[in-house]
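Spelled out, the chains give:
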Amino acid sequence: MSRRPETVRTEDGERAEQPVDSRARFTGRGWAFLGAGALCLLLATWLGRKDVLALALFLGGAPLFAALSLYVVKPRVLLKRGVDPALVTAGDSAVVRLRVRHRSRRAGSAAGAVAVLERVPEPLGGDRELSVQAGGEPAAYTVRPRRRGVYALGPATVRVADPFGLATELLDASERTSLHVAPDPVELPEIRADRLRESGTDPARTAQPQPGPDNVTVREYRHGDPVRRVHWAASAKQGTLMVRQEDPRSIRRLSLLLDLDDTAWPGERQWAGVLPSTAEFEWAVSFTAAVLEHLTQRETAVHALDTRGRPLPRGGEDDGAAVRGRVTAIDDDAAEDARHGLARVRPLPAPGRTAGAAGTGGSSGTAGTDGGRGGSADPGGRRGIAGTVGGRRSGRRSGRRSGRTAGSGGAAPGSAPGAGPETGAGADEGLADRFDRDGLVHPVLLVSGDLDRAGAQRILHGTHRAGAGSAVLVASAADPVPDGAAVLEAAGWSVVVVTAATAPEEAWAHLGTWSRTAGAVR
């Protein structure tokens, strides 16, 4: 394409496309015709030849007529973009197909190829230039995202030319399409079940049998059953595919909490597509995905929540569906949807800290989603988070000092000045209400970041029904051991402190060993 639309970067790191100048312009061929026409006009004046004058008028008038025709006809382009699949795992590929319909107000549908400049984020390979047959087969290109997040494809700029290629016009097809990329779960090592701290208050731990061959029945394979549940011995005996169906009483349960409060993630800003994030938060999301995959494959029902009591989002559903249905339990069949939902999570301001964050971070919304059905990040929410990045360290420190003096009754760190105690208390009760309503007395695994003392007290209050649990805290380089670690350990929790450089397998292997540090943390 001869001319690219100008792009600039916003403060949030997003590309802000300038409006496309849609005025008709001469192509290289058109300028060559004009130059040849001017030369013939000089020759006709010098030689006095009428035939040369006619040639000069033809060569000079053709580009002008072409530009005038584009203005009169007013071409319009309808661009449709499809992504297959729209939900992928990091490392997998997705195919993007572009279909173009070229119409004009006076001539109806038009045929021929048009040049398309497709705006693609740099992590997906950068912008693409394609030639798309109008009304014909779609043009396709492949993207292979390496990191999880929500990526915006488009808008596209289409160059439309006259049939002789003498003049061209740029048209802006402003449609955007979102690509959701789920984290790729790593394979975790096997650890004993009692390594995840159990409170002893769960009657299922004493009254129900544990998973084993005596609790397994088989049934015929149904479409959609995971292949890993195929019982090959029974299938060979019956002559048809049979799958394992464990006794429901043998299913273990775990409450998995992912901390989405942005005060716990003060690291350097990076982007997960269009979602603001940090390296520590990305590690936490990857570890959460690995734990979900590991436990659900081993007949464990995982109740996935954030630390405000909101269900983590699911892939393929709108942001409010999980909250309306109050669905938290994730089994083997729902593990993939839950992992795809992790593509949309991001750190959120604490409820009540800013005016714009009240609706985003309140308990009535789905946890940590990007705020839009189409997958695009909420611009208002992004601005709210961006405004807290520069002063997050100082705000977090002041919150810790108040937490040391006020104890668990203080407001949540990072609360807006002047916020009453009801704001913090209401936020604290969200997790406790969820545990009471759903009867969550199972072992708890917390995945958090730079957790302060007030945040740890809030989590202990919300999970009091389950008693002691386990925690994995992702520390930043500036603060190797979060203040909340000592609070959790004093309450009987097993705490493992890691950094973003620690392997998730190593952190998982340290759970329940009473070794506070793992990997690079010393």
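Residues numbered from 1 in each chain as written. Predicted model: local features only at pLDDT ≥ 70, side-chain atom pairs only at ≥ 80, totals over all residues. Heavy atoms only, no water.

## Quick look at the environment of Ala140
- As for its placement among the helices and strands, Ala140 is situated in strand β10 (residues 139-143).
- As for Ala140 and Arg99, which are separated by 41 residues in sequence, their C-alpha atoms are 8.9 Å apart.
- Excluding residues within four positions of it along the chain, Ala140 makes contact with Val95, Val96 and Arg97. (Helix = DSSP H or I, 4+ residues; strand = E, 2+ residues; numbered from the N terminus. Contact = heavy atoms within 4.5 Å.)

## Comments concerning the sheet that holds strand β23 (residues 470-474)
- Within the open sheet, the six strands sit side by side as β21-β20-β17-β22-β23-β24. Their pairing is mixed. Looking along the sheet, the strands with just one partner apiece sit at the ends: β21 (329-330) and β24 (494-498).
- Pairing between strand β20 (residues 300-306) and β21: two bridges, direction antiparallel. Residue pairing across strands places His303 opposite Ala329, the latter belonging to β21.
- The strands that helix α5 (residues 279-296) touches are β17 (252-258), β20, β21, β22 (444-448), β23 and β24; relative to β17, the one it contacts most, it runs at about 170°. (Pairing = 2+ DSSP bridges. Axes fitted to C-alpha atoms, helices over the stretch in contact; angles between N-to-C directions.)

## Focus: the sheet that holds strand β5 (residues 87-89)
- Read across the sheet, three strands follow the order β5-β14-β11 without closing on themselves; strand pairing throughout is mixed. One side of each edge strand has no neighbouring strand; the edge strands of this open sheet are β5 and β11 (149-153). On average, each strand axis in the sheet is tilted by 30° relative to the strand beside it, whichever way the strands run.
- Inspection of the sheet shows β11 paired to strand β14 (residues 177-182) by five bridges, in the antiparallel sense. Among the inter-strand pairings, Val150 is bridged to a residue of β14, identified as His180.

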